[in-house]
Amino acid sequence: TEIYTLSLHDALPISGISSSPSSSAPTSATASAPFLGQWHVHDGSLDITPTTATINSSPGAGPCMQNPQIACSEADTLAVDSGTDTELTLTVTAVSYKLSNGQTTSVSGNPGPSTAVGDSVQLVWQRQGLLKQTVLKGFPGWQGGNPYWCGAGISPSDQQLCGDRKSTRLNS
């Protein structure tokens, strides 16, 4: 009788299947069709593609025109972390600000906390043209604000939830 000593390494893989984790590409989450497109609330817009989103906001020209070091607008790039037909989770991957002179910077120049990489939000489909957001982490400027985003096909009765003039133009 012969005795063989085998290590776990010797035993795997049996059928030529690689056990290396680098051999398979990571799967990425995607946004489902009801979330895709452009959404608005107050002075902000949210553009959602299958794998990314961009939030553009403008706090108003007044403060930035008086002080060229204060941002006139903010652009947040987000990745789709998870999604179903009714929920979508997004995480900030980049933040940039535009100054009154048109320059882009990574520093807001505004006092107080600001959006940061790693901040996350969940969007929940309410009905045609209406999403409700819940901040999961960060987004200090959003605390206590309007949680609704309005999009194409929003009903006239829901337009008021977004509190802006832009949402009324989506149906015209």
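Computed from a predicted structure; not experimentally measured.

**Points about the overall build of the chain**
Logical step 1: Across its full length, the chain holds 4 helices and 9 strands.
Logical step 2: For the chain, the residues scored as buried account for 30% of the 172 residues in total.
Logical step 3: At a minimum sequence separation of 6, the contacts of the chain that also span at least 24 residues come to 45%.
Logical step 4: In the structure as shown, the chain presents an accessible area of about 10200 Å², 55% of it carried by carbon and sulfur atoms.

**So, unusual backbone geometry**
Logical step 1: Phi is positive for Phe-139, which is not a glycine, with a value near 45°.
Logical step 2: Looking at the secondary structure, you find Phe-139 in the loop between β8 (130-137) and β9 (148-151).

**Regarding the pairing of strand β4 (residues 73-83)**
Logical step 1: Across 6 bridges, strand β3 (residues 52-57) lies against β4 in antiparallel orientation. Bridge pairing in β4 links Thr-52 to Ala-79.
Logical step 2: Pairing of β4 with strand β5 (residues 87-98), which is carried by 10 bridges, proceeds in the antiparallel orientation. The residue of β5 that forms the bridge with Ser-73 is Lys-98.
Logical step 3: As consecutive antiparallel partners, β4 and β5 are separated by 3 residues.

**What about the confidence of the model for the chain?**
Detailed conclusions should not be drawn from predicted coordinates in areas where pLDDT is low.
Logical step 1: Scored by pLDDT, the chain has a mean of 78; 70% of the residues are at 70 or more.
Logical step 2: Within the chain, the element-level pLDDT minimum falls on helix α4 (residues 166-169), averaging 38, and the maximum on strand β7 (residues 120-127), averaging 96.
Logical step 3: With pLDDT under 50 throughout, residues 2-26 is counted as low confidence; its partners more than four residues away or in other chains account for 1 contact.
Logical step 4: Counting contacts from residues 165-172, a segment whose pLDDT is below 50, to residues more than four positions away or on other chains yields 16 contacts.

Quick notes on the rules
- Residues numbered from 1 in each chain as written.
- Predicted model: local features only at pLDDT ≥ 70, side-chain atom pairs only at ≥ 80, totals over all residues.
- Heavy atoms only, no water.
- Helix = DSSP H or I, 4+ residues; strand = E, 2+ residues; numbered from the N terminus.
- Buried < 20%, exposed > 50% of the residue type's maximum accessible area, 1.4 Å probe, protein only.
- Contact = heavy atoms within 4.5 Å.
- Areas by Shrake-Rupley, 256 points an atom, 1.4 Å probe, with all protein chains shown as cover.
- Pairing = 2+ DSSP bridges.
- pLDDT = per-residue confidence, 0-100.

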